[in-house]
Amino acid sequence: MPAAATGLADKVLVGGVIDGHNIWRGDLAGAFANLEALRGLGARAVAATTSTSLLHVPHDVEDESTLDARLVSWLAFADQKVGQIVTLARGLAEGRVAIEEELSAASDALADRLSAPGVQDGAVRARAAALGEADFSRAPYAERESAQAEALRLPALPLTTIGSFPQTGDIRRARAQFTKGVIPASDYEDFLRAEIDRVIVLQEDLGLDVLVHGEPERNDMVQYFAENLDGFAVTEHGWVQSYGSRATRPSILWGDVSRPAPITVPWSTYAQSLTVKPVKGMLTGPVTILAWSFVRDDQPLGETADQVALALRDEIADLEAAGIGVIQVDEPALRELLPLKKADQPAYLEWSVNSFRLATGGAASATQVHTHLCYSEFGVVIDAIRALDADVTSIEAARSRMEVVADISASGFDHGIGPGVYDIHSPRVPTAAEVEGLLRRAAEEIPNRQLWVNPDCGLKTRGYDETVASLRNIVEATQRVREDISVGA
Ligand code: GLN
Ligand code: ZN
């Protein structure tokens, strides 16, 4: 097109042709073709850049010493992306022939990636292809509710926590020593079992109803699963900013996902062996695993999510078979991944909700499935939360002073719900009177038979002193409120 027609004759066009969001080396020849197409628009000049700033990706893939060399050849972190831009710029200046070698090396790597073993696993694909509607549904809620009441015999306003207990310096030290090979696996496992012993005794002393093992074995709720599932790789130095000054080290989901062996079963069953109270199995859901990892870009997210869901479904079956009757599947990222564009939301909500339903759809009626969401914008995703069909959902509510209960009640949500009564983002210990106030506020809107009592989120960032003091006050407040109610009210 002549420059006059596009009005670009005195403009520089900057093509963001290298994806700044993902860590794939990608299709460099395609990127160059896009730049050449831009050049056809008749601007004064065309320049190359990344589609976004590079804060979403780690620094340098060359820093990784443990990643498989073949996987490395498929990757581009920030330094490699800058290198790609330099290559493209040279191509713009000197012509395609000058960068032919780089373009074909990238194309070869891409072709190699798409055909490499593990990227497509026949068994995983056959299983996903054979799924039918029944795999996504459990028995009707009423049937589950009575089977669970019978199996669990919980009091009114059951008390539980979200999963993690404080990750102390001791825990982090032991993990670092184990990772560095300073202590053998057997010592590390002894240490973790001793941690679980303490956490179970503590919860029994406090008088909680559904206990947790405390997650001492997890460095991170996503990376832990990535380390134990096929199809993922974990980096050593791949830190990226998550928010503010916080950084995370996302795993790389590069291939078809499957579970070589049970992951959480030994820890959950060990914890359950220590107590007659139910211990909640603790899993991270497919959406959150995808949201907090670098994911493959060669298939729709929903397909990847279903693969993760099937691995979790097997884990749930193994937990059940080992006698775990309450299982939580955390989905704190469900809201976070919701597309900004309204038009894209229904498709997202469909695959995300379905992946949760697929993960949990095999659970027996008597198995109580919990989920946890880290925010209080219940109204925004209420239909999706309802569609998850979890027996119990815990959400943040203390920080927002129980604002959310009005939305919950207005929506007619009729499954178990635990609006948080302890803001774990702060070291402050809520008084029993304060927690009682929050609980009574919740009880005004939510029928007693649905109401659970729990903190806003996991306790991993808190210290033990404040955690114990807060939980004590929560128990005291709950006992006071229980005195005034009768189940079924
Ligand atoms: N089970 C996790 C924990 O307690 C949930 C954390 C989260 O919601 N981010 O730490
Ligand atoms: Zn949370």
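Quick notes on the rules
- Residues numbered from 1 in each chain as written.
- Chains lettered and ligands numbered in written order.
- Predicted model: local features only at pLDDT ≥ 70, side-chain atom pairs only at ≥ 80, totals over all residues.
- Heavy atoms only, no water.
- Helix = DSSP H or I, 4+ residues; strand = E, 2+ residues; numbered from the N terminus.
- Rg over C-alpha atoms; globule rule 2.2 N^0.38 Å.
- Buried < 20%, exposed > 50% of the residue type's maximum accessible area, 1.4 Å probe, protein only.
- Contact = heavy atoms within 4.5 Å.
- Areas by Shrake-Rupley, 256 points an atom, 1.4 Å probe, with all protein chains shown as cover.
- Lys, Arg positive; Asp, Glu negative; His and termini not counted.
- Charge placed at Lys NZ, Arg CZ, Asp CG, Glu CD.
- Near = heavy atom within 4 Å.
- Polar contact = N/O pair within 3.5 Å; in protein donor to acceptor, adjacent residues only side chain to side chain.
- Nonpolar A, V, L, I, M, F, W, Y, C, P; charged D, E, K, R; others polar.
- Donors = N, O, S within 2.8 Å, 3.2 Å for Na, K, Ca; no water.
- Tetrahedral: all angles 85-135°; square planar, octahedral: opposite > 155°, others 65-115°.
- Salt bridge = Lys/Arg side-chain N within 4 Å of Asp/Glu carboxyl O.

Some points on the overall build of the chain
Here is step 1 of the chain: Looking only at helices and strands, one finds 18 helices and 12 strands in the chain.
Here is step 2 of the chain: Its C-alpha atoms give the chain a radius of gyration of 25 Å, within 12% of the compact-globule value 23 Å for 489 residues.
Here is step 3 of the chain: Projected onto the principal axes, the alpha-carbon positions of the chain cover approximately 80 × 55 × 45 Å.
Here is step 4 of the chain: A burial count over the chain gives 52% of its 489 residues as buried.
Here is step 5 of the chain: Here the analysis covers contacts within the chain between residues at least 6 apart in sequence; of these, 78% occur between residues at least 24 apart.
Here is step 6 of the chain: A total of about 20500 Å² of accessible surface is found on the chain, and carbon and sulfur atoms cover 53% of it.
Here is step 7 of the chain: Mean positive and mean negative side-chain charge positions of the chain (44 and 70 charges, respectively) differ by 3 Å.

Focus: the site of ligand 1
Here is step 1 of the chain: Near ligand 1 there are 13 residues, and of these Ser164, Glu215, Asp330, His372 and Cys374 occur at the shortest range.
Here is step 2 of the chain: In this structure, His372 approaches ligand 1 through a side-chain N or O atom, which is 3.1 Å from an oxygen atom.
Here is step 3 of the chain: Compared with its free state, where it exposes 290 Å², ligand 1 has 95% of that area covered by protein.
Here is step 4 of the chain: Looking at the shell around ligand 1 residue by residue, the classes come out as six nonpolar, four polar and three charged.

Here's the deal with unusual backbone geometry
Here is step 1 of the chain: Of note in this structure, Glu215 is not a glycine but carries a positive phi near 60°.
Here is step 2 of the chain: Considering the arrangement of structural elements, one finds Glu215 in the loop between α9 (185-206) and α10 (223-228).
Here is step 3 of the chain: Residue Glu215 is classed as buried on the basis of its relative accessible area of 7%.
Here is step 4 of the chain: Within the chain, Asp389 stands out as a residue other than glycine whose phi angle is a positive 60°.
Here is step 5 of the chain: Along the polypeptide, Asp389 turns up in the loop between α15 (382-388) and β11 (392-395).
Here is step 6 of the chain: In this structure Asp389 comes out as buried when scored by relative accessible area, which is 16%.

A short note on the coordination of the zinc ion (ligand 2)
In an ideal octahedron of six donors the angles at the metal are 90 or 180 degrees, and in an ideal tetrahedron of four donors they are 109.5 degrees.
Here is step 1 of the chain: Bound to the zinc ion (ligand 2) on the protein side are His372 (NE2), Cys374 (SG) and Cys457 (SG), at distances that span 2.0 to 2.2 Å.
Here is step 2 of the chain: The coordination sphere of the zinc ion (ligand 2) comprises four donor atoms, whose angles at the metal cover 78 to 121°; the geometry is irregular.
Here is step 3 of the chain: Donor residues for the zinc ion (ligand 2), ordered by position in the chain, follow H-x1-C-x82-C.
Here is step 4 of the chain: Judged by its relative accessible area of 28%, Cys374 is partly exposed.

Points about the pattern of salt bridges
Here is step 1 of the chain: In the structure shown here, the tally under the stated rule is 31 salt bridges.
Here is step 2 of the chain: A salt bridge links Glu195 to Arg198, with the nearest nitrogen and oxygen atoms 3.1 Å apart. One end of the pair is Glu195 and the other is Arg198, both in helix α9 and three residues apart, which spans about a single turn.
Here is step 3 of the chain: Between Glu436 and Arg480 there is a salt bridge whose closest N-O contact spans 2.6 Å. Of this pair, Glu436 sits in helix α17 (residues 432-445) while Arg480 sits in helix α18 (residues 464-483), and the two are 44 residues apart along the sequence.
Here is step 4 of the chain: Assessed through its relative accessible area of 14%, Glu436 is described here as buried.
Here is step 5 of the chain: Within this structure, Glu436, Arg440, Glu476, Arg480 and Asp484 form a network of salt bridges that share partners.

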